[in-house]
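Commentary on secondary and tertiary structure
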Amino acid sequence: MRLFLASDLHVDYPENLHWIESVSEIDYVDDVLLLAGDISDEMHLIERVLRVVKARFRHVVFIPGNHDLWTSRSGKGPSFGKFDAILSLCREEGIETGPLAIGKALIVPLLAWYDYSFGQPGPTIRRGWMDFYKCNWEGLQPAEVAFRFEAMNVIPDTSGFDAVYSASHFVPRIDLMPARYPEKHKALFPVLGTDRLETQIRRLGSQKHFYGHSHLNRNKVIDGVTYINNAYGYPSETEISAKTILHVADL
Ligand SMILES: [Fe+2]
Ligand SMILES: [Fe+2]
């Protein structure tokens, strides 16, 4: 059994939706797909994609991303309410959202939100970051949202497993971003992720950690952990994302 990774499908773009719907119906029936967030802000598209991938893979693990939790196009209800609705949908469709053991391997999804541990946002981000308009956290600040999500994570006993793999939508450490990243894009760093994830990854003893959100494909080893990003990304992001599902481990 193989483990494949994809994230940031953003199927609001018809070409992205067409791509995921054209994934082979026979090549992956014994495999696992880890979907690391940002399918769409539209519930009917999240449902459509989860049904498509569940029909093609033996197991699917899904971690909601920030776009999945936008509610501005569905009445601006609470984003935690939408999160609960997504978990219910996953239960109905047989999609995993908690730790999944496959033989001697354990896959652990980690929920998170950015908490500005990567830096304080400047005026451009404070004015223009869409989550601030499209999510409804009922007055909670990002650090409080981050705390709520972290508290939901199940950190299982990993003894008895030969391999532990963890996954998040958000970036677990800012040095995964290239040092020579364009200065104008560095403004985004505060909303990319949180140090809280790195703490949980080390506590778990993960060999590999999979993440999305930055849309910047990476495969980098830091202090013994391999960090992999295989975001599909927006149609215009042809150079930073590979536009494929990636085989990341054998289970
Ligand atoms: Fe994304
Ligand atoms: Fe994202």
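Positions within a chain are numbered from 1, following the residues in the order the chain's sequence is written. Chain letters and ligand numbers both follow the written order, the letters beginning at A and the numbers at 1. Residues qualify for local features only when their pLDDT is at least 70, as the model is predicted, and side-chain atom pairs are given and counted only at 80 or more; totals for whole chains, interfaces and linings, by contrast, use all residues. Hydrogen atoms and water are omitted, and side-chain values are computed over all heavy atoms in the structure.

Right, let's talk about the coordination of the iron ion (ligand 1) for a bit. Looking at the iron ion (ligand 1), one finds its protein donor set to be D8 (OD), H10 (NE2), D38 (OD) and H215 (NE2), positioned 2.0 to 2.3 Å from the metal centre. Here the iron ion (ligand 1) binds 4 donor atoms, and the angle range of 89 to 172° at the metal identifies the geometry as irregular. Only N, O and S atoms count as donors, using a 2.8 Å cut-off from the metal and 3.2 Å for Na, K and Ca, and because water is excluded some sites may appear unfinished. Donor residues for the iron ion (ligand 1), ordered by position in the chain, follow D-x1-H-x27-D-x176-H. Between the iron ion (ligand 1) and the iron ion (ligand 2), both coordinated by D38, there is a metal-metal distance of 3.5 Å. In this pair, D8 is assigned in the loop between β1 (2-6) and α1 (14-21) and H215 in the loop between β7 (208-211) and β8 (218-222), connecting sequence segments 207 residues apart. Pair check on accessibility: D8 and H215 agree, each one buried. Metal sites are grouped by the angles between bound donors: all angles between 85 and 135 degrees with four donors is tetrahedral, opposite donors over 155 degrees apart with the others between 65 and 115 is square planar for four donors and octahedral for six, and any other pattern is irregular. Numbering goes from the N terminus for both helices and strands, where a helix is a DSSP run of H or I of at least four residues and a strand is a run of E of at least two. Any residue under 20% of the maximum accessible area for its type is buried, any over 50% is exposed, and the rest in between are partly exposed; the area is computed with a 1.4 Å probe on protein chains only.

The positions UniProt marks with the feature "domain: Calcineurin-like phosphoesterase" (unreviewed entry) are residues 1-85. Overall, residues 1-85 shows 34% helix and 15% strand. The separation of its end C-alpha atoms is 30 Å. UniProt positions are given in the numbering used here, feature names are shortened, and annotations may be inferred rather than shown by experiment.

On the secondary structure map, E237 appears in the loop between β9 (225-229) and β10 (246-250). Here E237 sits buried without a salt bridge, and the closest side chain of opposite charge, K243, lies 5.5 Å off (N-O distance). In protein, a polar contact requires one atom able to donate a hydrogen and another able to accept it; more generally it is a pair of N or O atoms within 3.5 Å, and residues adjacent in sequence count only if both atoms are side-chain atoms. Polar contacts involving the side chain of E237 include one to the main-chain amide nitrogen of Y234, which spans 2.7 Å. Only four residue types enter the tally: Lys and Arg on the positive side, Asp and Glu on the negative side, with His and both chain ends excluded. Salt bridges are identified by distance alone: a Lys or Arg side-chain nitrogen within 4 Å of an Asp or Glu carboxyl oxygen.

Coordination sphere of the iron ion (ligand 2), protein contribution only: D38 (OD), N66 (OD1), H169 (NE2) and H213 (ND1), at 2.1 to 2.3 Å. Of note is the iron ion (ligand 2), whose 4 donor atoms meet at the metal with angles of 88 to 161° in an arrangement that counts as irregular. All donors of the iron ion (ligand 2) belong to a single chain; written as a sequence motif, their spacing is D-x27-N-x102-H-x43-H. Judged by relative accessible area, which is 0%, N66 ranks as buried. H169 sits in the buried class, given a relative accessible area of 1%.

Right, let's talk about the side chain of S206 for a bit. When you line up the elements, S206 lands in the loop between α8 (195-204) and β7. Overall, S206 belongs to the buried group, its relative accessible area being 6%. A distance of 2.7 Å separates the side chain of S206 from the side chain of S166, its partner in a polar contact. A contact between two residues is defined here by any heavy atoms of the two lying within 4.5 Å. S206 has contacts with V164, S166, I201 and V225, leaving out every residue within four places of it along the chain.

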